[in-house]
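Summary of the model geometry
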Amino acid sequence: APDHGGRDFLESFLAQTKAASDAQGRRLVDVLDLHWYSEAQGGGQRVVGGDNSDPVAQARMQAPRSLWDPTYVETSWVSQYLGNQPIRLLPSTQAKIAAHYPGTKLAFTEYYYGGGAHISGAVAQADVLGIFGREGVFAAALWPMASDIRFIDAAFRMFRNFDGAGANFGETSVSATTSNVAQVTVYASLDAANPGRVVLVVINKATTAKTASLALTHPVQLTLAEVYQLTSATPAPVRAADVTTTQANSFRVTLPPMSVSTLLLRP
């Protein structure tokens, strides 16, 4: 706009909407809705396209880090516009909400990372779902840019119905960290009605298998993990061998290359 004067659009929109809400004595906007189609590139190609070559696949699997990671700078015009700084889309947007219209929820009713028919698309999608849940996104809706998204669909099943009988990621996200987010990310959950049930989603972005050592702080002694894995072999969760504890609430699990593993831990 010719009168922008250096204003940030979202900050201006939120501030003016709050002013209008205050004037009317009621909230006029409940949810700020954004669309996010990743502009990240690998090998000169944008990740949302149909190219699944290794440079694109690697960039696609890393691209979700731009939603939150203060150490990650993707290759895109967005990061270049920011002065080659991390995008940190979620915390930066939530900071604008807190400053200009507190209490407004955040949604992404269109988003896409590509790779619908490739395991890299499943890895990216699973990572995005974990990030959205952990970071408090109110609602999100995938907007496919391709007709074949069978691996992306399978990524949803790793959180929803990973055993084919309705088993889901828990209702409460809990803190989970990993030593190397560039290669492996992890998301954890609990259920209020069943405190002994813990569900983890562990994502291996590397092109080689990884052995992960998992240590949980939990008042319940967990002894067994049912393992379901999504790999390049088939766009569906596959039951793998169960894993038992190596010591109190500690497990070791092998993560196949470029894979999503859902672990259902129980006493």
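The next point concerns helix α6 (residues 150–157). Among the residues of α6, Phe 151, Ile 152, Ala 154 and Ala 155 are the ones counted as buried. Taken around the axis of α6, the buried residues stretch over an arc of 155 degrees, which confines them to a single face. Packing partners of the buried residues in α6 comprise β4 (105–112), α5 (119–134), β5 (139–142), β10 (224–231) and β11 (234–239).

The strand order β1-β4-β5 describes an open sheet built from three strands, whose pairing is parallel. Two strands lie at the open edges of the sheet, namely β1 (31–37) and β5, each paired on one side alone. Strand after strand, the sheet turns through a mean of 15 degrees between neighbouring axes, direction not considered. Taken together, the seven bridges between β1 and β4 define a ladder with parallel strand orientation. When the sheet's bridge partners are listed, Trp 36 is paired in β4 with Tyr 111.

A few words now on unusual backbone geometry. Even without a glycine there, the phi angle at Asn 84 is positive, about 60 degrees. Summarising the element assignment, Asn 84 is placed in the loop between α3 (77–81) and α4 (89–100). Even without being a glycine, Asn 161 presents a positive backbone phi close to 75 degrees. One can find Asn 161 in the loop between α6 and β6 (172–174). Residue Asn 161 is classed as partly exposed on the basis of its relative accessible area of 28%.

This part is about helix α1 (residues 9–24). Counted at 1.5 Å a residue, the expected span for α1 with its 16 residues is 22 Å, and the 22 Å between its end C-alpha atoms agrees. Taken as a whole, α1 has its buried residues at Leu 10, Ser 12, Leu 14, Thr 17 and Ser 21. If you follow the buried residues of α1, they end up packed against β1 and α4. Its side-chain oxygen placed 2.9 Å from the backbone nitrogen of Leu 10, Asp 8 serves as the N-cap of α1. Of the residues flanking the end of α1, it is Gly 25, one or two places downstream, whose phi is positive at about 75 degrees.

A separate point is the pattern of salt bridges. Counted by the stated rule, this structure contains 10 salt bridges. For Asp 8, the salt bridge is made with Lys 96, and the minimal N-O distance between the two is 2.9 Å. With Asp 8 in the segment before α1 and Lys 96 in helix α4, this residue pair connects regions lying 88 residues apart in the sequence. You can call Asp 8 partly exposed: its relative accessible area is 27%.

Attention now moves to the packing of aromatic side chains. Taken as a whole and judged by the stated rule, the model has five aromatic pairs. Pairing Phe 162 with Tyr 228 gives two aromatic rings, centres 5.2 Å apart and planes at 55 degrees, and the pair type is tilted. Residue Phe 162 is located in the loop between α6 and β6, and its partner Tyr 228 is located in strand β10; the two are separated by 66 residues in the primary sequence. By relative accessible area, which is 6% here, Tyr 228 ends up buried. Among the aromatic residues, those joined into a ring-pair cluster are Phe 108, Tyr 111 and Phe 132. Lying over the aromatic face of Phe 138, Lys 105 brings its terminal NZ or CZ to 5.5 Å of the ring centre. For Arg 134, the ring lying beneath its charged end belongs to Trp 68, and the centroid distance is 4.7 Å.

As a further point, take the environment of Asn 52. Examined against the element boundaries, Asn 52 turns out to sit in the loop between β3 (45–46) and α2 (54–62). Take Asn 52: its relative accessible area is 29%, and that puts it in the partly exposed class. Put simply, Asn 52 and Gly 115 are 63 residues apart on the chain and 6.6 Å apart in space, counted from C-alpha to C-alpha. Non-local contacts of Asn 52, meaning those with residues more than four positions away in its chain, are made with Ala 57, Arg 60, Gly 115, His 118 and Ser 120. At 3.0 Å, the side chain of Asn 52 forms a polar contact with the side chain of Arg 60.

Glancing now at the pairing of β10. On a regular strand, each side chain points to the face opposite its neighbour's, so the side chains alternate between the two faces of the sheet. Burial runs high along β10: seven of the eight residues are buried. In this structure, β10 lies alongside strand β12 (residues 243–244), joined through two bridges in antiparallel fashion. Pairing of Ala 225 across the sheet is with Val 243, part of β12. Sheet topology places β10 next to strand β14 (residues 259–266); seven bridges connect them, and they run antiparallel.

Cut-offs applied
- Residues numbered from 1 in each chain as written.
- Predicted model: local features only at pLDDT ≥ 70, side-chain atom pairs only at ≥ 80, totals over all residues.
- Heavy atoms only, no water.
- Buried < 20%, exposed > 50% of the residue type's maximum accessible area, 1.4 Å probe, protein only.
- Helix = DSSP H or I, 4+ residues; strand = E, 2+ residues; numbered from the N terminus.
- Arc of directions from axis to C-beta.
- Contact = heavy atoms within 4.5 Å.
- Pairing = 2+ DSSP bridges.
- Axes fitted to C-alpha atoms, helices over the stretch in contact; angles between N-to-C directions.
- Expected span 1.5 Å × (residues − 1).
- Polar contact = N/O pair within 3.5 Å; in protein donor to acceptor, adjacent residues only side chain to side chain.
- Salt bridge = Lys/Arg side-chain N within 4 Å of Asp/Glu carboxyl O.
- Phe/Tyr/Trp six-rings, centres within 6.5 Å; stacked < 30°, edge-to-face > 60°.
- Lys NZ or Arg CZ within 6 Å of the ring centre and 35° of its normal.

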